[in-house]
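# Coordinate analysis (summary)
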Amino acid sequence: MTAEKKLKSSVWIKRAAMLVILIAAVGAAAPFFGSQIKTSDTSRLLTHRVTKGGLAVVVTEQGTLESSSNLEIKCKVKGGSTVLWVIETGTL
């Protein structure tokens, strides 16, 4: 090897060694600094355990309620007709 190549390789070796030492120092100091970080106080948070159950729907305002999609069935027979049956609510 020439003197110039030896000098370049020794510079890279020194840089790699410094990088390894720096990484080791950060790794050794991480647990110390990690324990110094204060955690937030969660004892004052309002929490509630969620459970599956029925949903009570309560209307507190006055007025009328109507479904969002109505279908009116009208008798077009001349003279009218009587109701033969009623379709159940929610039937498609």
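Above this text you will find the structure in question.
Keep in mind it's a predicted model, so treat the numbers as computed, not measured.

This part is about the overall build of the protein chain. Check the secondary structure of the protein chain and you find 1 helix and 0 strands. Residues counted as buried form 0% of the 92 residues belonging to the protein chain.

On the surface, Leu 71, Ile 73, Leu 84, Trp 85 and Ile 87 cluster together into a nonpolar patch covering about 690 Å² of accessible area. With respect to the helices, strands and loops of the structure, Ile 87 is situated in the segment after helix H1 (3-36).

Evaluated as defined, the whole model comprises 0 aromatic pairs. Directly above the aromatic system of Trp 12 lies the positively charged group of Arg 15, at a separation of 5.2 Å from the ring centroid.

Reading the values: the criteria
Residues numbered from 1 in each chain as written. Predicted model: local features only at pLDDT ≥ 70, side-chain atom pairs only at ≥ 80, totals over all residues. Heavy atoms only, no water. Helix = DSSP H or I, 4+ residues; strand = E, 2+ residues; numbered from the N terminus. Buried < 20%, exposed > 50% of the residue type's maximum accessible area, 1.4 Å probe, protein only. Patch = residues over 30% accessible without salt bridge, like charges linked within 9 Å, V, L, I, M, F, W, Y side chains within 5 Å. Areas by Shrake-Rupley, 256 points an atom, 1.4 Å probe, with all protein chains shown as cover. Salt bridge = Lys/Arg side-chain N within 4 Å of Asp/Glu carboxyl O. Phe/Tyr/Trp six-rings, centres within 6.5 Å; stacked < 30°, edge-to-face > 60°. Lys NZ or Arg CZ within 6 Å of the ring centre and 35° of its normal.

Any functional reading would require information beyond the geometric quantities listed.
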